[in-house]
Amino acid sequence: MCGIVGYIGTKEPQDIIINGLKKLEYRGYDSAGIAVVNHGKIELRKHVGAISNLEKLIGEERLGGHVGIGHTRWATHGAPSDLNSHPHMDMDGTIAVVHNGTVENYVELKAELEKEGVVFRTETDTEVATMLISKYYHRNHDLKKALDQAISEMRGTYAIAVVAKDQPDQFVAYRKNAPLIVGVGNNCNFVASDFSALLAYTKDVYLLENGDTVVLTKDSVNIYDEEDRLIERPMMHVDWDVSAAEKGGYEHFMLKEIYEQPTAIRETLSRNLGDNGRVHLQETVQLTKEDFEKINKIVIVACGTAYHAGLVGRYVIEKLARIPVEVDIASEFRYRDPFVDEHTLFIAVSQSGETADTLEAMREAKRKGARVLSVVNVVGSTVARESDDVFYTQAGPEIAVASTKAYTTQLVCMYLLALFFADLNDAISAEEYENFVQDLEAISGKLEDVLKMAPEIEKLANRLYDRDQVFYIGRGVDSSVAYEGSLKLKEISYINSFAIAAGELKHGTIALMEPRTIVWALATQERLFDKMVSNIQEVKARNAHIISLAQEGNSGIEAHSDTVFYIPRTQDELTPLLSVVPLQLYAYYVAKAKGCEIDKPRNLAKSVTVE
């Protein structure tokens, strides 16, 4: 939530910052703004709504200067408006601040500042931080010291960047539990909320740790830790291609990312399967057989789509590795005093590696002695850095808010972990292992066949997009995929959709079935197929519209369905990699038919960095 870009160098910052904000717009799009220091004055422009509104406001104007900061907002304190947009300035226009996160004690700080004569114009906690930094800057005219003093009085989670009108040769930034990286260029330096904002300008970055303050000039990057010691952080080179963060001819990032899934799956497999057909996890996973023998249970914790990947993970790990697995929602995990100890393997799943609830759940597990293994897409993210073992997915940049390829690569990681654990636990035969790997390697080709369904799914969506009640049902692992299909639809089309285990229908939910109700019935599990047909018949008897999904060859389902889509045959356990894609496509085409903002759905942000 919220995207920050800062630049200092020999060029004018305006275009660089605006372009960076466009790459970060998935982090928030309630409003956007830019502040540039030019000839002893801060040129501030900001506007509610999309970044295109900010561009229209600026028009042909050139803001000049060589240092500036920008921001795209996802509102937490104060409704979206021009006034509440970032950057914020102090009363006399001396400093400007952009901020991602929350200042938890802003009410108390605001009351104290008001006693000192400060007049506030907005409803935001960021303006409080701005006025507090300004207070100290006017005393010492040292931007770093002013930020340090203000931070010492603030509580919360935040990334902050600050410019001053009389400091055209530097700016400062600070990170506490909110993502912020430093980009190193040629006669220029940057800060940003993530890599995508900087790929066009540099691929060399420093990953700031919690409590780091950084002072940037065009020629230097000085990083100070919590103890105010000048330190060196290792530089990392990002190998993502600039084109990976572009639409590449697709109408929306979401559609592009749906079609990138076969490649992402192949990449994740190739990085973790040896030439001998055995799972050979990346060097960042150091779990040994001796380590695993001390583990008596696994706990998977995540949010949203990653949680749904965890549900599939539980199913396949228990089946292959024969070890108990729990799955919990990260935002609930800490508050039930979970039974976690040194014999627990805690698996955190997060695309961004910055999800606040997942981070705090992970830290709680570590405090209780658990070993932490994370499944993360973003290299060097906070979750990755704080884990004992890291399993990186190979999804590449995912820009659309509604996750697609991150989910399928997370599933691949779950399958590979299940095989890895099964091997460590001596729970799988050589033949079963080989067959599973062969079927897993064949998935990307089968997924390309599934994508050929897109025209038919689009036609269906164009006919049914105006229905306001959609259910997703399934049994076994299909029920986990049903949750993900439902989430995709509600995220981007705003339709009130639900997912439920099919066997639970008769315990209440079937009362909601009526002629205009759509039911997606997932029936891809061979051993549960007859049970699912029975559930479909129950729903059909209430005149709901049935869209069924089954493996090729199970044509008997057609007699009880209005529409049937068939996925290529594979092992039951692997069907989620195929069955989820028609659900992604249906959500996409329904949202398109409704005219929704597909890549930037209302009220949502890609990375939720506050609790």
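Everything in this summary refers to the structure shown in the same document.

So, how was this worked out
- Counting restarts for each chain, with residues numbered from 1 along the sequence as it is written.
- Two thresholds apply to this predicted model, a pLDDT of at least 70 for residue-level local features and 80 or more for giving and counting side-chain atom pairs, whereas whole-chain, interface and lining totals are computed over all residues.
- Computation of side-chain values covers all heavy atoms of the structure but excludes hydrogens and water.
- Helix and strand assignments follow DSSP, with helices taken as H or I runs no shorter than four residues and strands as E runs no shorter than two, numbered in order from the N terminus.
- Buried means the residue's accessible area, taken with a 1.4 Å probe over protein chains only, is under 20% of the maximum for its type, while exposed means over 50%, and partly exposed covers the values in between.
- Pairs of residues are marked as contacts when any of their non-hydrogen atoms sit within 4.5 Å.
- With residues, only the protein chains shown are counted as cover, and all accessible areas are computed by Shrake-Rupley using a 1.4 Å probe.
- Charge assignment in this entry is limited to Lys and Arg as positive and Asp and Glu as negative, and neither His nor the chain termini are counted.
- Where a charge lies is defined by one atom per residue type, namely NZ (Lys), CZ (Arg), CG (Asp) and CD (Glu).
- Note on aromatic pairs: the rings of Phe, Tyr and Trp (six-membered ring only in Trp) are paired at centre separations within 6.5 Å, and the planes decide the class, stacked below 30 degrees, edge-to-face beyond 60, tilted for the rest.
- The criterion for strand pairing is that DSSP finds at least two bridges linking the strands in question.
- Simply put, an axis is a line fit to the C-alpha atoms, just over the touching stretch for a helix, and the angle between two N-to-C directions goes from 0 to 180 degrees.
- Remark: nonpolar core denotes a set of buried residues (Ala, Val, Leu, Ile, Met, Phe, Trp, Tyr, Cys) joined through side-chain atoms within 4.5 Å.
- Definition of a polar contact: a pair of N or O atoms within 3.5 Å, with one able to donate and the other able to accept a hydrogen when the atoms are protein atoms, and with sequence-neighbouring residues admitted only if both atoms are side-chain atoms.
- Note on definitions: salt bridges are taken to be side-chain nitrogens of Lys or Arg within 4 Å of carboxyl oxygens of Asp or Glu.

1. Digging into the overall build of the chain
For the chain, the count of helices and strands is 19 helices and 25 strands. When its C-alpha atoms are laid out on the principal axes, the chain stretches across 75 × 55 × 45 Å. Every one of the 611 residues in the chain was classed for burial, and the buried ones make up 63%. Sequence-distant contacts, at least 24 apart, represent 72% of the contacts inside the chain between residues at least 6 apart. In the structure as shown, the chain presents an accessible area of about 22800 Å², 46% of it carried by carbon and sulfur atoms. Computed over 65 positive and 90 negative side-chain charges, the inter-centroid distance for the chain is 3 Å.

2. Looking at the packing of aromatic side chains
Scanning all chains against the criterion turns up 13 aromatic pairs. Ring centres 5.8 Å apart and planes at 25° place the aromatic pair Phe190 and Tyr201 in the stacked group. In this pair, Phe190 sits in strand E10 (residues 188-192) while Tyr201 sits in the loop between E10 and strand E11 (204-207), placing the two residues eleven residues apart along the sequence. Look at Phe190 and you get buried, because its relative accessible area is 2%. The interplanar angle of 15° and the centroid separation of 5.0 Å between the aromatic rings of Phe292 and Phe421 together place this pair among those described as stacked. Here Phe292, found in helix H8 (residues 289-293), pairs with Phe421, found in helix H13 (residues 405-424); they are 129 residues apart in sequence, far enough to count as distant. There is no split in this pair, since Phe292 and Phe421 are both buried.

3. Quick look at the pairing of strand E19 (residues 371-376)
Among the six residues in E19, five count as buried, and that is most of the element. Pairing geometry for strand E18 (residues 344-350) and E19, over six bridges, is parallel. Pairing of Ala348 across the sheet is with Ser374, part of E19. Bridge count between E19 and strand E20 (residues 389-392): four bridges; the pairing is parallel.

4. Considerations on the sheet that holds strand E23 (residues 518-523)
If you walk across this open sheet you meet the five strands as E22-E21-E23-E24-E25, and the pairing is parallel. Sheet topology places strand E22 (496-501) and strand E25 (563-567) at the edges, where each strand pairs with a single neighbour. Strand-to-strand twist of the sheet, defined as the mean angle between neighbouring strand axes without regard to direction, takes the value 15°. Both strand E24 (residues 545-551) and E25 contribute to a ladder of five bridges, which runs parallel. For Leu549, the partnering residue across the bridge sits in E25 and is Phe565. Helix H19 (residues 576-594) contacts strand E21 (469-474), E23, E24 and E25 of the sheet and is inclined by roughly 165° relative to E23.

5. Some thoughts on the nonpolar core
Of all hydrophobic cores here, the largest spans 97 residues; its most connected members are Ile298, Ile317, Ile347, Phe421, Trp520 and Tyr586. Sorting elements by how many residues they give to this core places H13 first, with 14 residues. Excluding residues that lie within four positions of it along the chain, Ile317 makes contacts with Ile298, Ile300, Arg322, Ile323, Val325, Met414, Ala418 and Phe421. Ranked by size, the runner-up nonpolar core spans 29 residues in total, among them Ile95, Leu113, Ala129 and Leu147.

6. Regarding the sheet that holds strand E14 (residues 230-231)
Strand order across the open sheet formed by seven strands is E5-E6-E7-E8-E12-E13-E14, with antiparallel pairing between neighbours. This sheet does not close on itself; its edge strands, each paired only once, are strand E5 (88-89) and E14. Two strands pair when backbone bridges link them, and strand E7 (residues 156-164) and strand E8 (residues 171-176) are joined in this way by five bridges, in the antiparallel orientation. Within the sheet, the bridge partner assigned to Val162 lies in E8 and is Val172.

7. Topic: the environment of His138
On the secondary structure map, His138 appears in helix H4 (residues 125-140). Take His138: its relative accessible area is 36%, and that puts it in the partly exposed class. Put simply, His138 and Ile95 are 43 residues apart on the chain and 9.8 Å apart in space, counted from C-alpha to C-alpha. Within polar-contact distance, the side chain of His138 engages the side chain of Thr94 at 3.4 Å.

8. Here we look at the pattern of salt bridges
Going through the model one piece at a time under the given rule, you end up with 41 salt bridges. Arg155 serves as the salt-bridge partner of Glu108, at 3.4 Å between the closest nitrogen and oxygen. One end of the pair, Glu108, is in helix H3 (residues 106-115); the other, Arg155, is in the loop between helix H5 (143-153) and E7, with 47 residues separating them in the sequence. Residue classification places Glu108 among the partly exposed residues on the basis of a relative accessible area of 42%.

9. A short note on unusual backbone geometry
Cis geometry is found at the peptide bond from His86 to Pro87, where omega equals 0°. Relative to the assigned elements, Pro87 resides in the loop between strand E4 (67-73) and E5. Within the chain, Asp337 stands out as a residue other than glycine whose phi angle is a positive 50°. Relative to the elements of secondary structure, Asp337 occurs in the loop between helix H10 (330-333) and E18. Of note in the backbone geometry, Asp426 takes a positive phi value of approximately 50° without being a glycine. Its location among the elements puts Asp426 in the loop between H13 and helix H14 (430-441). Overall, Asp426 belongs to the exposed group, its relative accessible area being 63%.

The quantities given are spatial measurements derived from coordinates; they are silent on function.
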